[in-house]
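A structural walkthrough
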Amino acid sequence: MTNCNNGKKSFSVIFNSTSLRILFIAALIFMAGACAPATQNIDMHNDQGGAVMGLDYRDFEQAASESVSSMMQSGALNKRGGGRYVLAISRIINDTTQRIDTDQLVKKIRVQLLQSGKVIVTTAVGANGPEDNMAMQARELRNSDEFNQSTVAAKGQMIAPDLSLSGKIIQRIIRVSSSLQQVEYYFQMTLTDINTGLAYWEDESVIGKRGSNKSVPW
Amino acid sequence: MIRFKAFSIITICIIMLLTGCTSMNPIDPRVTIIDDHFFSDLSITGVNVTPHYGDFMEVQVTGRNNASSYKKFEYKIEWLDQNEMLIPSVMSGWTGFPGFENSEFRFKAVAPTMSATDFRIIIRREN
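The paragraphs below set out a description of the structure included in this document. (Residues numbered from 1 in each chain as written. Chains lettered and ligands numbered in written order. Predicted model: local features only at pLDDT ≥ 70, side-chain atom pairs only at ≥ 80, totals over all residues. Heavy atoms only, no water.)

1. Some words on the overall build of chain A
We apply this condition: Segments assigned H or I by DSSP are reported as helices when at least four residues long, segments assigned E as strands when at least two residues long, and all are numbered from the N terminus. Buried residues are those whose accessible area, probed at 1.4 Å on protein chains only, stays under 20% of the maximum for their type, while exposed residues exceed 50% and partly exposed ones sit between those limits. Method for areas: the Shrake-Rupley scheme with a 1.4 Å probe, in which residue coverage is limited to the protein chains shown.
Scanning chain A for helices and strands turns up 5 helices and 5 strands. For chain A, the N- to C-terminal ordering of α and β elements is α-α-α-β-α-β-α-β-β-β. Looking at the 218 residues of chain A, the share that counts as buried comes to 30%. For chain A, the exposed surface amounts to about 14,200 Å²; the carbon and sulfur share of it is 55%.

Pasting the structure below:
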């Protein structure tokens, strides 16, 4: 009996010991870490990952690619008399439940249009003010005696835009069944001739996803 | 004699299996079908290229889905300049297109720049 009590006491002493507690916690952390999926880099050239209900980089790439292809095939970028059009980026409205930086779409289009050799984009004019304020701010140096005035931008050098690119991303959520929902994304783009106000080119890319109601597309 | 026949059959089978993985298109060597299936459902019947002088080069590929069911395929196109150098582009990603059962399909691609003078296309079944 005495031996048994002594045994319980010694077990309790061991179990309550700080070192054992630390070991127990460390083992739990190790087990939790072992269960977590390992981080992997996405192969952007051959991503076999499943689709997501929200918009991911593949959707933006697809929408941008379709828009640019359509724009190039339409002939709207062929300037009469040759040369390049100057393009201003107007407002791209995000009408979805997701927090999207519309530059994810617009930047891809801009890069490709610039690369095409048919268009050059101005950053001095934009729907929400100039994208790059420096072009205007640098002109304030005209009054400064500290700057060599021959190196300061002269008056009347900026080029006004010929075309404006505007657009909208729309989302529609449709309940298919008690467990299934359908999410549709519409990428609508318009290229307007600033001089006449006429739309030279318009296009819409649609991306549809169907999945669980439990997935929230944002 | 029997052993020789068996050896020949096995050799032919191995060659057929290997060539079944990737097939260079006889219509246009610039179009390649990547297919891990022995009997590919996909065949290319035509490649039309528009002149590129002063404008963007355009390519239209015509093919056929020989399967008795709808398949979804995808293609990837690489554009090359006159020095056969790759032209990087957002338009060079995998692009899906439909292949309806026992029907022809077509897809069209436009070059990202006017300097594109050549191309390579690979086609596969979408996973």
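Structure's up, so let's keep going.
2. A look at the environment of S212(A)
Residues and elements named next belong to chain A. Put simply, the test is: Pairs of residues are marked as contacts when any of their non-hydrogen atoms sit within 4.5 Å. Any pair of N or O atoms that falls within 3.5 Å is considered a polar contact. Within protein, one atom must be able to donate a hydrogen and the other to accept it, and sequence-neighbouring residues count only if both atoms are side-chain atoms.
As for its position among the elements, S212 is in strand β5 (residues 199–212). Its relative accessible area of 32% is what places S212 among the partly exposed residues. Along the primary structure S212 and M53 are separated by 159 residues, whereas in three dimensions their C-alpha atoms are 8.7 Å apart. Setting aside its immediate chain neighbours within four residues, S212 contacts M53, S179, L180 and Q181. Of note is the side chain of S212, whose polar atom sits 2.9 Å from the backbone nitrogen of K214.

3. A short note on the sheet that holds strand β1 (residues 85–95) of chain A
Residues and elements named next belong to chain A. Operational definition: When DSSP locates at least two bridges between a pair of strands, those strands are taken to pair. The axes are straight lines fitted to the C-alpha atoms, using for helices just the contacting stretch, and the angles between their N-to-C directions are given from 0 to 180°.
An order of β2-β1-β3-β4-β5 is seen for the 5 strands of this open sheet, with the pairing classed as mixed. Each edge of the open sheet is held by one strand with a lone partner, namely β2 (119–126) and β5. Going across the sheet, the axis of each strand differs from the next one's by a mean of 30°, ignoring polarity. In this structure, β1 lies alongside strand β3 (residues 163–175), joined through 7 bridges in parallel fashion. Looking at the pairing, I89 lines up with L165 of β3. Taken strand by strand, helix α3 (residues 57–74) contacts β3, β4 (180–193) and β5, and its axis lies near 155° from that of β5.

4. Regarding the interface of chain A and chain B
Definition in use: Here the quantity called buried area is the total loss of accessible area, with a 1.4 Å probe, experienced by two parts when brought into contact, counted for both. Just to be clear on terms, a salt bridge is a Lys or Arg side-chain nitrogen sitting within 4 Å of an Asp or Glu carboxyl oxygen.
On the chain B side, the residues contacting the 15 residues of chain A number 19 residues. Carbon and sulfur atoms make up 51% of the area that chain A and chain B hide from each other, which totals about 1,400 Å². Interface area lost by chain A to chain B is led by M72(A), Q73(A) and Q115(A), which between them contribute 33%. Joining chain A to chain B, the criterion identifies 1 salt bridge. Mapped by element, the contributors of at least two residues to the side of chain A that touches chain B are α3 and α4 (103–116) of chain A.

5. Considerations on the sheet that holds strand β4 (residues 58–65) of chain B
Ordered in space as β3-β4-β8 (chain B), the 3 strands form an open sheet in which the pairing is antiparallel. The sheet is open, and its two borders are formed by β3 (42–49) and β8 (103–110) of chain B, each paired with just one other strand. The average angle at which neighbouring strand axes cross in this sheet is 20°, direction not considered. This element, α3(A), spans β4 and β8 of chain B of the sheet and lies at about 80° to β8(B).

6. Considerations on the packing of aromatic side chains
Defined as follows: Note on aromatic contacts: the rings of Phe and Tyr and the six-membered ring of Trp form a pair at centre separations within 6.5 Å, being stacked when their planes are under 30 degrees apart, edge-to-face when over 60 apart, and tilted otherwise. For a lysine, the NZ atom is tested; for an arginine, the CZ atom; a charge sits over a ring if that atom is within 6 Å of the ring centre and within 35 degrees of the ring normal.
Applying the stated criterion across every chain yields a total of 9 aromatic pairs over all chains. Measuring from centroid to centroid gives 4.9 Å for F97(B) and F105(B), while their planes differ by 45°, and the two rings are tilted. F105(B) shares its class with F97(B); the two are buried. Each ring, one from F97(B) and one from F107(B), has its centre 4.7 Å from the other, and the planes form 40°; the classification is tilted. With F97(B) in strand β7 (residues 95–99) and F107(B) in strand β8, this pair connects stretches of sequence that are 10 residues apart. Take F97(B) and F107(B): they sit in the same class, and that class is buried. Taken together, the ring pairs connect F73(B), Y75(B), F97(B), F105(B) and F107(B) into an aromatic cluster. A cation over an aromatic ring shows up here: K118(A) above the ring of F56(B), its NZ or CZ 5.2 Å from the ring centre. Positioned above the aromatic ring of W94(B) is the side chain of R124(B), whose terminal nitrogen or guanidinium carbon lies 3.8 Å from the ring centre.

7. Observations regarding the nonpolar core
A general tendency of soluble globular proteins is for nonpolar side chains to be buried together. Test applied: For the purposes of this section, nonpolar cores are sets of buried Ala, Val, Leu, Ile, Met, Phe, Trp, Tyr and Cys residues that join through side-chain atoms within 4.5 Å.
Counting 34 residues, the largest nonpolar core has L87(A), L105(A), I109(A), L165(A), F187(A) and L191(A) as its most contacted members. Elements with a minimum of two residues in this core: α3, β1, α4, β2, β3, β4 and β5 of chain A. Every residue in contact with L87(A), bar those within four places of it in the chain, is listed here: L113(A), V119(A), I120(A), V121(A), T122(A), P161(A), L163(A), S164(A), L165(A) and L191(A). One finds V47(B), F97(B), A116(B) and I123(B) within the second-largest nonpolar core, a separate group that totals 22 residues.

Geometry only, nothing functional implied.
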